[in-house]
Amino acid sequence: MLRFKALLIVLLVIGLIALYVLEFRWFDRTIGMRRLALYGMSIGALLGAALARHFSRQAGNTIEKVQLYLFFVVFCTLFAPFFASVSNRLLSFSAPRAKRVEFFEEQAFFSDRFGLIEGEKVAPAGYYTFFYYQGQLRRVKSRYPLLPERQRGEQAELLMKKGLWGFEVVVD
């Protein structure tokens, strides 16, 4: 029974890591993601300390207590940005709205898993869209151009959804 629980926990952690990697795409589309991640990490560290305090009562000695504290604080801190982003994006009750932005630039980027061969024609792997929103220059990453054929300084509209925690996400 103990082996089954351990296997289940390992599969759960691997699944969480896979979901975390898939969420990176949305990190690049969230306005203020750095701040959201820092808030999430702070709350994750506090939650990890609370869990560690609860479970450390069962520890036999000081070394086990330190191990429990390290495990819970590090684990919760590392996974907090994932949960913050997912909850901000998926638990939002607001509908996507067109927001006015000032277009700055759109750049294609090229990448290949095995490198680019000189002289080979390669399609762009994605696009960086730069725009001014709320007085700051922002950058979002997407697979397709979000504001094609725009000139610098031109007003445009981007579809954004206000998240649960107040951080806006650029949607397709």
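An account of the accompanying structure is given in this report. (Residues numbered from 1 in each chain as written. Predicted model: local features only at pLDDT ≥ 70, side-chain atom pairs only at ≥ 80, totals over all residues. Heavy atoms only, no water.)

It is worth spelling out the packing of helix α1 (residues 2-27) against helix α3 (residues 62-90) at this point. Two elements in contact, α1 and α3, have axes separated by 10 Å at closest approach and are oriented at 55°. Relative to α3, α1 is oriented oblique. The handedness of the crossing between α1 and α3 is left-handed. Between α1, through Val-13, Leu-16, Ile-17, Leu-19, Tyr-20, Glu-23, Trp-26 and Phe-27, and α3, the contact on the second element is made entirely by Phe-75, Leu-78, Phe-79, Pro-81, Phe-82, Phe-83, Ser-85, Val-86 and Arg-89. (Axes fitted to C-alpha atoms, helices over the stretch in contact; angles between N-to-C directions. Helix = DSSP H or I, 4+ residues; strand = E, 2+ residues; numbered from the N terminus. Parallel < 35°, antiparallel > 145°, perpendicular 65-115°, else oblique. Left-handed = near helix turned anticlockwise from the far one by under 90°. Contact = heavy atoms within 4.5 Å.)

A separate point is the pattern of salt bridges. Taken as a whole, this structure holds five salt bridges when the rule is applied. One salt bridge connects Asp-28 with Lys-141, and the closest N-O pair in it is separated by 3.9 Å. Placement of Asp-28 in the loop between α1 and α2 (33-56) and of Lys-141 in strand β3 (residues 136-142) is noted, with a sequence separation of 113 residues between them. A relative accessible area of 30% means that Lys-141 is categorised as partly exposed. The partner of Arg-100 in a salt bridge is Glu-157, and the shortest N-O contact between them spans 3.8 Å. Of this pair, Arg-100 sits in strand β1 (residues 97-109) while Glu-157 sits in strand β4 (residues 155-162), and the two are 57 residues apart along the sequence. Given a relative accessible area of 53%, Arg-100 falls into the exposed group. (Salt bridge = Lys/Arg side-chain N within 4 Å of Asp/Glu carboxyl O. Buried < 20%, exposed > 50% of the residue type's maximum accessible area, 1.4 Å probe, protein only.)

This part takes up the sheet that holds β3. Overall, antiparallel pairing links the five strands, which are arranged β3-β2-β1-β4-β5 in an open sheet. Two strands lie at the open edges of the sheet, namely β3 and β5 (168-170), each paired on one side alone. In this sheet, neighbouring strand axes are inclined to one another by 50° on average, regardless of whether the strands run parallel or antiparallel. Here strand β2 (residues 126-133) pairs with β3 via seven bridges, running antiparallel. Opposite Phe-131, over in β3, you have Arg-138 as the bridge partner. (Pairing = 2+ DSSP bridges.)

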